[in-house]
Amino acid sequence: MKKKFALALAMAFMLTILTGCRGGNNPPSTSGSAENPPSQAVNLKVGVFYYDFSDVYISKVRSSMDQALTELVGKGNFTNYDAAGSQPTQTDQVTTALTAGCNLLIVNIVETSSPDAAIGIRDAAADRGIPVIFFNREVSDDVVNGYDKCAFVGTNAPDAGHMQGQMIGQFLVDHYDDVDLNGDGTISYVMFKGQEANAEAEARTQFSVEDANALLTEAGKPQLAYYDASASTKYLVDVNGKWSAQAANDYMNGILSTYTQSNGNMVELVICNNDAMAEGAISALQQSGYNNGQGTTVIPVFGVDASDSARALIAAGNMVGSIRQDAQGMADAIAALVSNTQSGTDLMTNINAERGYTVDLNEDGTIRAAKIRIPYHIYTGEQ
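This report concerns the structure included in the present document. In this numbering scheme, every chain counts its residues from 1 along its sequence in written order. For this predicted model, a pLDDT threshold of at least 70 governs which residues receive local features, and a threshold of 80 or more governs which side-chain atom pairs are given and counted, while totals over whole chains, interfaces and linings are taken from all residues. Hydrogens and waters are ignored; side-chain quantities use all the structure's heavy atoms.

## Quick word on the packing of aromatic side chains
Two rings from Phe, Tyr or Trp (for Trp, the six-membered ring) form a pair when their centres sit within 6.5 Å of each other. Planes less than 30 degrees apart are called stacked, planes more than 60 degrees apart edge-to-face, and all others tilted. Using the criterion set out here, one finds 8 aromatic pairs in the structure. In this structure an aromatic cluster arises from ring pairing among Y189, Y226, Y227 and Y259. By the criterion adopted, a ring carries a charge over it if an Arg CZ or a Lys NZ lies within 6 Å of its centre and within 35 degrees of its normal. Over the ring of Y235 we find K193; its NZ or CZ atom is 4.1 Å from the centre of that ring. The side chain of R311 reaches across the aromatic face of Y379, ending 4.6 Å from its centre.

## Overview of the sheet that holds strand β3 (residues 104–107)
As summarised here, the arrangement of the 7 strands in space is β2-β1-β3-β4-β5-β13-β12, forming an open sheet in which the pairing is mixed. At either margin of the open sheet sits one strand with a lone partner, and together these are β2 (78–82) and β12 (358–361). Averaged over all adjacent pairs, the angle separating strand axes in this sheet is 20°, with direction ignored. What makes two residues a contact is simply this: any of their non-hydrogen atoms within 4.5 Å. A fitted line through C-alpha atoms serves as each axis, taken over the contacting stretch for helices, and the angle formed by two N-to-C directions is quoted from 0 to 180°. The secondary structure listing takes helices from DSSP runs of H or I that are at least 4 residues long and strands from runs of E that are at least 2 residues long, numbered from the N terminus. Relative to strand β1 (residues 46–50), helix α3 (residues 87–99) is tilted by about 175°, and along the sheet it contacts β1, β2 and β3. DSSP-based pairing: two strands are paired if at least 2 bridges between them are found.

## Comments concerning the packing of helix α8 (residues 245–256) against helix α9 (residues 275–287)
Helix packing geometry: the angle between the two helix axes and the distance between the axes. It is at 7 Å that the axes of α8 and α9 come closest, and there the two elements cross at 35°. Considering the relative orientation of α8 and α9, their crossing is right-handed. From α8, A245, A248, N249, M252, N253 and L256 reach across to α9, where they touch A276, M277, G280, A281, S283, A284, L285 and Q287. A clockwise turn of the near helix away from the far one marks a right-handed crossing, whereas an anticlockwise turn of less than a right angle marks a left-handed crossing.

Take a look at the structure:
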């Protein structure tokens with residue numbers, strides 16, 4: 001991967017010499033009106049690399065990041081890049097930005113099933129002695145620990161799964177007979193996983209079901225049963241890796257063509273690893289006469305992110321709950337690292353629990369990895 005970056009950089013230098021952070025056909029910065037960076041700030045040229053602008057949660061992070069970076073470095077000193085779900089595209093964008101003189105990389109990595117892409121970007125930054133901040137999509141400890149100017153800002157992936165399992169399990173204990181539409185004593189469910197080999201998707205898929213089952217068992221109820229008993233895996237993935245509403249909608253429409261109340265095998269619970277998929281599933285349910293408001297059968301649907309549209313569905317009674325992922329908190333933590341870079345201090349200076357997040361620590365209290373964790377929260381209404 002390092003050789004590929006070196007070759008790409010050499011080609012880029014031969015093609016063009018750029019003076020700013022902007023280059024090629026990449027989209028312009030999406031921040032507000034132009035302003036000069038503060039006089040006391042180090043002159044930073046920042047490249048911010050998003051895995052996919054269309055992701056609802058990422059769009060909220062981007063909006064908060066634009067505001068924070070405009071205040072910290074000035075509009076003309078950062079550029080947003082959209083990889084549109086393609087790691088090769090993102091790798092090329094990083095190469096272009098480095099060629100153009102960027103001296104801080106903020107990366108929402110596309111490829112999470114292998115560390116190779118993250119390592120390549122980290123090494124490219126290390127070769128120039130510039131910081132690189134990964135965020136949202138987990139990179140391994142080895143990636144972060146391999147360079148002293150590298151950090152990660154994200155969540156603790158298992159927490160969302162545990163919280164979702166707690167929320168689902170308690171809801172089922174409280175409303176078991178209402179949810180058990182066919183009266184067979186067991187709740188059948190479908191799981192929309194999102195992306196294979198993604199740390200967040202894996203943890204949410206595992207713990208949401210495990211923890212819900214634990215609460216059901218404690219209450220003397222049977223454990224959840226996957227709607228398709230013959231399925232080799234107990235989840236459905238977005239084959240495009242985008243956690244999309246469309247993927248969940250397509251799956252749910254297919255399910256509803258066979259699994260119905262009249263057939264006695266209706267899916268009685270929908271678990272989604274993000275709100276976009278929850279919205280897609282609800283749309284399909286509504287087309288079949290469910291989850292349309294008062295007077296209709298509501299199939300309980302759960303998601304993650306607590307997006308604005310999901311909150312509206314929860315308020316309308318068409319969705320039960322979600323797990324709030326704090327976009328503003330993530331942007332604030334990244335901004336703190338950018339501020340440290342501006343002042344010439346280490347990335348992790350004054351990064352502690354007083355700011356509202358935690359850092360991965362060893363038992364003796366020393367930092368195990370430069371990873372900042374933003375907490376999740378259960379959302380079932382106006383909390």
